[in-house]
Amino acid sequence: MQVTVVGSGYVGLVASACLAELGQQVICVDSDRAKIDALQRGETPIHERFLPELLARHCGTRLKFTSSLADAVKSSSVIFVAVGTPSTESGDCDLSAVEAVARELSRSVNEYKLVVQKSTVPVCTSEWVRRIMVLNGAPETSFEIASNPEFLREGTAVTDFLYPDRIVVGVNSKRAASLLRDIYRPLTNGSYVRQKNAIPEPDEARIPTRLIETGARSAELIKHASNAFLAMKISFINAVANICEAVDADIEQVCAGIGADARIGDRFLSPGIGYGGSCFPKDLKAFRAIARESGYDFRLLDEVIRINEEQCRHFLRKVRNALWTLKGKRLAVLGLAFKGGTDDVRESPAIAMIELLLREGCEVAAYDPAAMPKCREWLQERVIFAESAYDAAESADAILLLSDWEEFAALDLQRLRRALKYPIVIDGRNLYDREMMAQRGFMYYSVGRPDAFPRESPEHVSQLKKAS
Ligand code: NAD
């Protein structure tokens, strides 16, 4: 099938490469010419595991790039829309890019087209898109709108797309349902994973994938409700972690106990410095606004957001507790991306943390395996960009772990200790075993777990006294 994907960002590009991998002929369109030029040159503009392989496999054959939506649409029967839907100043969802695409599409509809919203949008957007297209001259019977929300996570986007927990299609006709079922068939009948050179399935992959067919409005709500629920899980466990700190309990043990309940599950129960990224913060605000507009005051979401905003300040208090005064201290910050495995720094709690530290007068030496180019321009004058974790740690008063990159969980601790001025590690992602860190001579602070100190240190002795 010939499909168009509008938008070549984190979702659009991954969807394009994966749909090509599933056997479709894909044209990926973006209004950003520079992005399209880079993609046509064979560059991979975002950091995402397996994406370079898929682009190399399909570019020029099953996958093409263009900045002309009209050309792409002419020959496609299905058009996925994956443009950005950021927050407005007031927290609503900014749908101007979705509307711009709808207007442009209405001029290019030459025969039946299925327009599929992959962007995260408020409930009833499908109806608005339909209305805009008709107002702009698209014949009413020449197109249909469907909703197919995307649940991929940055860092594991390709495997999330190819081995999703579920595929949700919100459709209003059998024809639309059948087109989308055809597109995703290699996933729903399990044939993709058996294909030679298939991208390997992750642990716990649910094969074959379940496809859930709903109405368009329900599909739109499923996406917002899912993200709100996941963000709530993070804020919940962060709040419990803060209580653990106050009473000297261990959040890891608490999580093991909570997560063993099948009704709760152990995934997404990792305390830290709060959620961030381009989705949760804006989707929560948008969902809150939608609820308000529909007459429901969803105060639970206010609290989820408040706990998250407080979490960075809570971590700053931890840094202060470890270092006493902050002005003039040199801190090595590992991690700029909002989480490990991605170069996305949008709404990154690590960046929020850096801003707080700079305001306190700290000198920050930062390192991130992929995200430095994305924030070099605006942090350039204020932060030292290091070549490696060890380079960042050189003569630093302490090291702060702020993104959960795999490589940050496997540092050469001896080398790190030699580089640091003081052996202080403040771990915002609980990447290390606390007792092991103490044995290796570090003063180790983490989230929701008792601090750990080397055996003979005065801090260790006073901790023992306190406990007895
Ligand atoms: P992005 O900002 O990375 O990419 C959006 C792309 O759309 C940009 O390349 C932009 O140039 C292009 N674009 C904007 N207007 C256009 C137009 N009129 N014509 C053609 N191209 C246009 O955004 P993203 O992170 O890929 O997110 C896209 C949507 O998917 C959002 O609604 C987001 O909430 C949702 N989503 C994102 C994720 C994620 O992890 N990033 C996961 C699930 C859902």
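Anything mentioned here points back to the structure above.
Positions within a chain are numbered from 1, following the residues in the order the chain's sequence is written. Where totals are concerned, whole chains, interfaces and linings use all residues; where local detail is concerned, this predicted model gives features only for residues with pLDDT of at least 70, and gives and counts side-chain atom pairs only at 80 or more. Water and hydrogen atoms play no part in the side-chain values, which are based on all heavy atoms of the structure.

**Concerning the pattern of salt bridges**
The following threshold applies: Any carboxyl oxygen of Asp or Glu that lies within 4 Å of a side-chain nitrogen of Lys or Arg is treated as forming a salt bridge with it. Throughout, exposure labels follow a simple rule: accessible area from a 1.4 Å probe, protein chains only, divided by the maximum for the residue type, with under 20% read as buried, over 50% as exposed, and the rest as partly exposed.
All told, the structure shown has 28 salt bridges when counted by the stated rule. The closest approach of N and O atoms between Arg 153 and Asp 160, which form a salt bridge, is 2.7 Å. Residue class for Arg 153 comes out partly exposed when judged on its relative accessible area of 37%. By sharing partners, the salt bridges in this structure join Glu 154, Asp 344 and Arg 346 into a single network.

**Observations concerning the sheet that holds strand β11 (residues 383-385)**
The criterion, for reference: Two strands make a pair as long as DSSP finds a minimum of two bridges between them. Where helices and strands are cited, they refer to DSSP runs of H or I of at least four residues and of E of at least two residues respectively, numbered from the N terminus. Orientation is described by axes fitted as lines to C-alpha atoms, over the contacting stretch for helices, and by angles from 0 to 180 degrees between their N-to-C directions.
Here six strands make up an open sheet; going across it, the order is β11-β10-β9-β12-β13-β14 and the pairing parallel. Only two strands of the sheet have a single partner each, and these edge strands are β11 and β14 (443-445). Strand after strand, the sheet turns through a mean of 20 degrees between neighbouring axes, direction not considered.

**Considerations on the environment of Ala 38**
Relative to the elements of secondary structure, Ala 38 occurs in helix α2 (residues 33-40). Using a relative accessible area of 10% as the deciding quantity, one classes Ala 38 as buried.

**Section: the site of the ligand**
As a reminder, the rule being used: We define proximity as follows: a residue is near a molecule or strand when any one of its heavy atoms falls within 4 Å of that partner. N or O atoms closer than or at 3.5 Å make up a polar contact, with two conditions inside protein: a donor-capable atom paired with an acceptor-capable one, and, for residues adjacent in sequence, both atoms drawn from side chains. All accessibility values rest on the Shrake-Rupley procedure with a 1.4 Å probe; residue burial counts only the protein chains present in the view. Any residue that is not Ala, Val, Leu, Ile, Met, Phe, Trp, Tyr, Cys, Pro, Asp, Glu, Lys or Arg is counted as polar, Gly included; the first ten are nonpolar and the last four charged. By convention here, the domain bounds are inherited from an automatic or database domain assignment.
Surveying the vicinity of the ligand reveals 26 residues, the closest of which are Asp 30, Lys 35, Thr 85, Glu 154 and Lys 282. Between Asp 30 and the ligand, the recorded distance is 2.6 Å, taken from a side-chain N or O atom to an oxygen atom. In this structure, Lys 35 approaches the ligand through a side-chain N or O atom, which is 2.6 Å from an oxygen atom. A total of 840 Å² of accessible area belongs to the ligand in isolation, and the protein chains cover 87% of it. Listing elements by their share of the shell around the ligand, those giving two or more residues are α1 (10-21) and α5 (96-108). Grouping the constituent residues of the shell around the ligand by class yields nine nonpolar, nine polar and eight charged. When residues of the shell around the ligand are assigned to domains, at least three map to each of domain 1 (2-214) and domain 2 (223-307).

**Considerations on the state of the cysteines**
Under the convention used in this document: Criterion for a disulfide: a pair of cysteine sulfur atoms at a distance within 2.5 Å.
On inspection of all chains with the given rule, the structure shows zero disulfides. Cys 93 provides the cysteine sulfur closest to Cys 279, a residue in no disulfide bond, and the two sulfurs are 11 Å apart.

**Structural notes on unusual backbone geometry**
The peptide bond linking Ile 207 to Pro 208 adopts the cis configuration, its omega dihedral lying at -5 degrees. Mapped onto the elements, Pro 208 comes out in the loop between α9 (191-194) and β8 (210-214). One non-glycine residue, Asp 248, adopts positive backbone phi at about 60 degrees. Within the fold, Asp 248 resides in the loop between α10 (216-247) and α11 (251-259). Notably, Phe 268 is not glycine yet its phi reads approximately 70 degrees, a positive angle. By secondary structure assignment, the location of Phe 268 is in the loop between α11 and α12 (280-293). Taking relative accessible area as the criterion, Phe 268 reaches 31% and is therefore assigned partly exposed.

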